[in-house]
Amino acid sequence: MKEKGALNGVVNLFKEKGITSFQAASRLRKLFNVDKCGHTGTLDPLAEGVLPICIGFATRFAEQISGGVKQYSATFRLGTS
């Protein structure tokens, strides 16, 4: 088993609908057994998509990662109920 806090880097996690960004980061924190783990921006609990999560020393770069230009896409079906 790795010693606590020995892992550093960024994980691109596909967050599914139904969980918050905080819950996703918390699950990775427990999975990798690390002290520092945080997401780079919040995705709505009803949204799904890629959520970069910084681990260990990489948490220092979260602001630089999330500070760039963002692009969003959505699909809608109109005329149905």
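Structure: above.
Even after reading the chapter, I still don't get the state of the cysteines, so can you show me in this structure?
Here is the idea: a disulfide is a covalent bond, and it sits between the sulfur atoms of two cysteines. This structure, assessed with the given rule, holds zero disulfides. In this model Cys54 remains outside any disulfide bridge; the closest cysteine sulfur is found in Cys37, 8.4 Å from its own. Under the relative-accessibility criterion, Cys54 is labelled buried at 0%.

Sorry if this is basic, but what is going on with the environment of Asn8 here?
Counting through the fold element by element, Asn8 comes out in the segment before strand S1 (9-15). For Asn8, a relative accessible area of 39% puts it in the partly exposed group. Sequence-wise, Asn8 and Thr59 are 51 residues apart; in three dimensions their C-alpha atoms are separated by 8.6 Å. Filtering out sequence-adjacent residues up to four positions away, Asn8 remains in contact with Ile55, Gly56 and Phe57. A polar contact is formed between the side chain of Asn8 and the backbone nitrogen of Phe57, at a distance of 2.7 Å.

For this particular structure, what's the right way to read the sheet that holds strand S2 (residues 37-39)?
Note on sheets: strands pair through backbone hydrogen bonds, and any given pair is parallel or antiparallel. What the three strands build is an open sheet, ordered S1-S3-S2; its pairing is antiparallel. Across the chains shown, the open sheet's two edge strands, defined by having one partner strand only, are S1 and S2. If you compare each strand with its neighbour and ignore which way they point, the axes differ by 30° on average. Where S1 and strand S3 (residues 49-55) come together, seven bridges link them in antiparallel fashion. Within S3, the position partnered with Gly9 by the bridge is Ile55. Sheet strands touched by helix H1 (residues 21-32): S1, S2 and S3. Its angle to S2, the strand with the most contacts, is close to 155°.

When you look at the side chain of Ser21 in this model, what are you seeing that I'm missing?
Within the secondary structure layout, Ser21 lies in helix H1. Not counting chain neighbours up to four residues away, the residues in contact with Ser21 comprise Lys15, His39, Gly41, Thr42, Leu43 and Leu51.

Reading the values: the criteria
- Residues numbered from 1 in each chain as written.
- Predicted model: local features only at pLDDT ≥ 70, side-chain atom pairs only at ≥ 80, totals over all residues.
- Heavy atoms only, no water.
- Disulfide = S-S within 2.5 Å.
- Buried < 20%, exposed > 50% of the residue type's maximum accessible area, 1.4 Å probe, protein only.
- Helix = DSSP H or I, 4+ residues; strand = E, 2+ residues; numbered from the N terminus.
- Contact = heavy atoms within 4.5 Å.
- Polar contact = N/O pair within 3.5 Å; in protein donor to acceptor, adjacent residues only side chain to side chain.
- Pairing = 2+ DSSP bridges.
- Axes fitted to C-alpha atoms, helices over the stretch in contact; angles between N-to-C directions.

By themselves these figures say nothing about function.
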